[in-house]
Amino acid sequence: MDTQKPSITRQGDRIVMPGLATAHSHAFQRALRGRTQRRATQAGSFWSWRGLMYALVEKLDPEAIFAISQMAFAELAMSGVTAVGEFHYVHHGPDGQPYANRTELAEAVIRAAQAVGVRIGLMRTAYFRAGYQKELAAGQRRFIDSGIEPVLADVEQLMARYANDPLVAVGLAAHSIRAVPREQTIALAEYARQQRLPFHMHVAEQRAELEECLAEYGRRPVELLAEAGVLDDRFVGIHATHLTPDEIEALGAARAFVCLCRTTERDLGDGLPETAALVQAGARLCVGVDSHAGSDAFEEVRAVELDDRSRTEARHVAAEAPELLWLATVGGYQAIGLGAVWAEDRVTLKADDPGIAAVSDNLLADGVLFGATPRAVDVVVVNGQMIVQDGVHVHYPEIYQMYQTTLRRLHMV
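Now for a look at the structure at hand. All chains use their own residue numbering, which begins from 1 and follows the written sequence. Residue-level local features of this predicted model are given only where pLDDT is at least 70; pairs of side-chain atoms are given and counted only at 80 or more, and the full residue set underlies all totals for whole chains, interfaces and linings. Water and hydrogen atoms were dropped before computing side-chain values, which therefore reflect all heavy atoms in the structure.

1. What about the nonpolar core?
Here is step 1 of the chain: Among the buried residues, those of types Ala, Val, Leu, Ile, Met, Phe, Trp, Tyr and Cys that are joined through side-chain atoms within 4.5 Å form a nonpolar core. The buried label goes to any residue with under 20% of its type's maximum accessible area, the exposed label to any with over 50%, and the partly exposed label to all in between, with areas taken from a 1.4 Å probe on protein chains only. Counting 144 residues, the largest nonpolar core has Phe73, Leu188, Phe235 and Leu349 as its most contacted members.
Here is step 2 of the chain: Working definition: helices are DSSP H or I runs of at least four residues, strands are E runs of at least two. Numbering for both runs from the N terminus. Here this core gets 10 residues from one element, more than from any other, and that element is helix H2 (residues 62–77).
Here is step 3 of the chain: Excluding anything up to four places from it in sequence, phenylalanine 73 contacts Ser25, Ala27, Val84, Glu86, Val109, Ala112, Ala113, Val116, Val118 and Ile120. We call two residues in contact whenever any of their non-hydrogen atoms come within 4.5 Å of each other.

2. Quick look at the side chain of arginine 30
Here is step 1 of the chain: Topologically, arginine 30 is positioned in the loop between strand E3 (20–25) and helix H1 (46–59).
Here is step 2 of the chain: Only 3.2 Å separates the side chain of arginine 30 from the side chain of tyrosine 403, close enough to count as a polar contact.
Here is step 3 of the chain: With sequence-adjacent residues up to four places away left out, arginine 30 is seen in contact with Ile68, Met71, Ala72, Glu75, Ser291, His292 and Tyr403. Pairs of N or O atoms are called polar contacts if they sit within 3.5 Å, as long as, within protein, a hydrogen donor faces a hydrogen acceptor (for residues adjacent in sequence, only side-chain-to-side-chain pairs).

3. Comments concerning the pattern of salt bridges
Here is step 1 of the chain: Salt bridges are identified by distance alone: a Lys or Arg side-chain nitrogen within 4 Å of an Asp or Glu carboxyl oxygen. Taken as a whole and assessed by the stated rule, the structure comprises 30 salt bridges.
Here is step 2 of the chain: In this structure, glutamate 107 and arginine 161 form a salt bridge, with 2.3 Å as the shortest nitrogen-oxygen distance. Pair noted here: glutamate 107 is in helix H3 (residues 104–116) and arginine 161 is in helix H4 (residues 148–161), with a separation of 54 residues, a long-range link.
Here is step 3 of the chain: Between arginine 182 and glutamate 183 there is a salt bridge, with the nearest N and O atoms lying 2.3 Å from each other.
Here is step 4 of the chain: Looking at arginine 182, the relative accessible area reads 24%, which means it is partly exposed.
Here is step 5 of the chain: By sharing partners, the salt bridges in this structure join Arg262, Glu265, Arg266, Glu299, Arg302 and Asp307 into a single network.

4. Let's talk about the packing of aromatic side chains
Here is step 1 of the chain: To pair, rings of Phe, Tyr and Trp, with the six-membered ring standing in for Trp, must have centres within 6.5 Å; the planes then decide the type, stacked if under 30 degrees apart, edge-to-face if over 60, and tilted in the middle. This model, assessed by the stated rule, comprises eight aromatic pairs.
Here is step 2 of the chain: Arranged with centres 4.8 Å apart and planes meeting at 90 degrees, the rings of tyrosine 89 and phenylalanine 143 form a pair that is edge-to-face. Of this pair, tyrosine 89 sits in the loop between strand E4 (81–88) and H3 while phenylalanine 143 sits in the loop between strand E5 (119–126) and H4, placing them 54 residues apart in sequence. The residues tyrosine 89 and phenylalanine 143 share a single accessibility class, namely buried.

5. Examining the sheet that holds strand E7 (residues 199–203)
Here is step 1 of the chain: Taken together, the eight strands give an open sheet; going across it, the order is E3-E4-E5-E6-E7-E8-E9-E10, and neighbouring strands pair in parallel fashion. Looking at the sheet topology across the chains shown, the edges are occupied by E3 and strand E10 (284–287). The average undirected angle you get between the axes of adjacent strands in this sheet is 25 degrees.
Here is step 2 of the chain: Here, strands pair whenever DSSP counts at least two bridges between them. With seven bridges joining them, E5 and strand E6 (residues 168–174) adopt parallel strand pairing. Within E6, the residue paired with leucine 122 across the bridge is valine 170.
Here is step 3 of the chain: The strands touched by H2 within the sheet are E3, E4 and E5, with E4 carrying the most contacts at an inclination of about 145 degrees.
Here is step 4 of the chain: Packed onto the sheet, helix H11 (residues 297–312) meets E3, E4, strand E9 (257–260) and E10 and runs at close to 150 degrees relative to E10. Between N-to-C directions, angles span 0 to 180 degrees; the directions come from axes that are lines fitted to C-alpha atoms, helices contributing only their stretch in contact.

6. Description of the state of the cysteines
Here is step 1 of the chain: Any pair of cysteine sulfurs within 2.5 Å is marked as a disulfide. Evaluated as defined, the whole model comprises zero disulfides.
Here is step 2 of the chain: Of all cysteine sulfurs, the one in cysteine 286 lies closest to cysteine 259, which takes part in no disulfide; the gap is 3.9 Å.
Here is step 3 of the chain: Of the cysteine sulfurs around cysteine 261, a residue in no disulfide, the closest is that of cysteine 259, at 4.1 Å.

7. Topic: helix H13 (residues 364–371)
Here is step 1 of the chain: Buried residues of H13: Leu364, Ala365, Gly367, Val368 and Leu369, and no others.
Here is step 2 of the chain: Contact partners of the buried residues in H13: strand E1 (9–11), strand E2 (14–18), H11, helix H12 (321–335) and strand E11 (346–350).

8. Some details on the sheet that holds strand E12 (residues 377–382)
Here is step 1 of the chain: With antiparallel pairing, six strands are arranged side by side in an open sheet as E1-E2-E11-E12-E13-E14. For this open sheet the edge positions go to E1 and strand E14 (392–393), each flanked by a neighbour on one side alone.
Here is step 2 of the chain: The sheet contact formed by strand E13 (residues 385–389) and E14 spans two bridges and is antiparallel. Among the inter-strand pairings, valine 388 is bridged to a residue of E14, identified as histidine 393.

9. Examining the packing of H3 against H4
Here is step 1 of the chain: Packing of H3 against H4 leaves a shortest axis separation of 11 Å and a crossing angle of 35 degrees. With respect to the hand of their crossing, H3 and H4 are arranged in right-handed fashion. Here Ala106, Glu107 and Ile110 of H3 come into contact with H4, specifically with Gln157, Leu158 and Arg161.
Here is step 2 of the chain: When grouped by side-chain class, the residues that make up the contact of H3 with H4 number three nonpolar, one polar and two charged. The sense of a crossing depends on the near helix, which, turned anticlockwise from the far helix by less than a right angle, makes the crossing left-handed and, turned clockwise, makes it right-handed. Each residue gets one label: Ala, Val, Leu, Ile, Met, Phe, Trp, Tyr, Cys and Pro are nonpolar, Asp, Glu, Lys and Arg are charged, and the others, such as Gly, are polar.

10. Points about unusual backbone geometry
Here is step 1 of the chain: In this model, arginine 255 sits at a positive phi of 60 degrees, which is unusual for a non-glycine residue.
Here is step 2 of the chain: With respect to the helices, strands and loops of the structure, arginine 255 is situated in the loop between helix H8 (245–253) and E9.

11. Focus on the packing of H2 against helix H14 (residues 396–409)
Here is step 1 of the chain: In the contact formed by H2 and H14, the axes pass within 9 Å of each other and the chain directions differ by 135 degrees. As summarised for this structure, H2 and H14 are arranged oblique, according to the angle between their axes. Once H2 is placed against H14, the crossing between them reads as left-handed. In this structure, H2 uses Glu63, Ala64, Phe66, Ala67, Ile68, Gln70, Met71 and Ala74 to contact H14, whose residues at the interface are Tyr396, Ile399, Tyr400, Met402, Tyr403, Thr406 and Arg409.
Here is step 2 of the chain: Taken together, the residues of the contact of H2 with H14 sort by class into 11 nonpolar, two polar and two charged. Any angle between 65 and 115 degrees counts as roughly perpendicular, while under 35 counts as roughly parallel, over 145 as roughly antiparallel, and the rest as oblique.

12. Side note on the pairing of E4
Here is step 1 of the chain: Of all eight residues that make up E4, eight are buried, and the element is covered over most of its length.
Here is step 2 of the chain: One ladder, built from four bridges, connects E3 with E4; its direction is parallel. Note that in E4 the partner of leucine 20 across the bridge is valine 81.
Here is step 3 of the chain: Looking at chain direction, E4 and E5 are connected through six bridges and run parallel. Opposite valine 84, over in E5, you have isoleucine 120 as the bridge partner.
Here is step 4 of the chain: As a crossover connection, the stretch from E4 through H3 into E5 is right-handed. For crossovers, right-handed means that the path from the first strand over the helix to the second runs clockwise, given strands pointing away from the viewer.

Shown next, in the form of structure tokens:
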């Protein structure tokens, strides 16, 4: 574990802790919440859910992405989140043609974070194909880049534009091995290494992904990445649900991050990752909200331990409160390129909230991380600015109104 040790303290009738980081988000998917759960929606698997997500993508414009992202980030702030890693892959117009300003949609997401007042690590995500021997779906046209050069040009434009903004960091991502072939993944990872940027990638989320990778390369995804030299201490593998012992060891040996997104992974039926084995191998963990199927940051953190208890039928298997606090704060900030500022942001909780009431001072971290909900959040301060007061974002009425208006315009309400 990293030597930096975040702490939770009592101050009168309040409990103070560092701000939480959610290292993996697709903010636009907040608009899907509650709209894919019934059988009638035909979202019977991850792959059919993905089709419904693509239908949403086809409707989006810069104004909609701003409004939906703003709502997503405000809700996270009210859950104690002060930094978000946005895995951004909706880049172009509905016909697949770039905007006149190629980073128009990335900037809409960044503006939403700035308006809310949370920090954002924008992971500009490369996406080159539908998958191995797969035809491109209509919704995917907005993701596709013509090659590595425009991807890196976008990264450099964003880095230059936000170089002096303390709320913004920029990183690089390859969507997945199915969307970014091996050689292009290697080239992107090398650029990230040279520029000292975080490098994020979905890995081994679904079994079908493993089968496609084996069919194309004769290797499983993490096995392929390890063999290609992609894994290092700036690599952030998202989900990593289905791994072999050798793949777990490879991630640990590289001191790579693994970002678990348990609410979304439950929602999509992804499976149960071997969290304890990853920790024991030396991998560093962080957590993400992913699809915004729910936005309880405390639940995402404790699920790292509790879901592995379900898998192993045992207790105290992956991480206790000190480790959970680190991965939820320092680890998450590091994974999205904001590690230098994690100690500057604070969340104040109401000590008399029923979820954490009467917790002993020597067990504050245990009480908060295993018992708190967003209801306990009182004040959130980011970069010296109070963005949540009395548990509500300071601009929530306007944010909510814009979100409602946008969903009506998209014919979603």
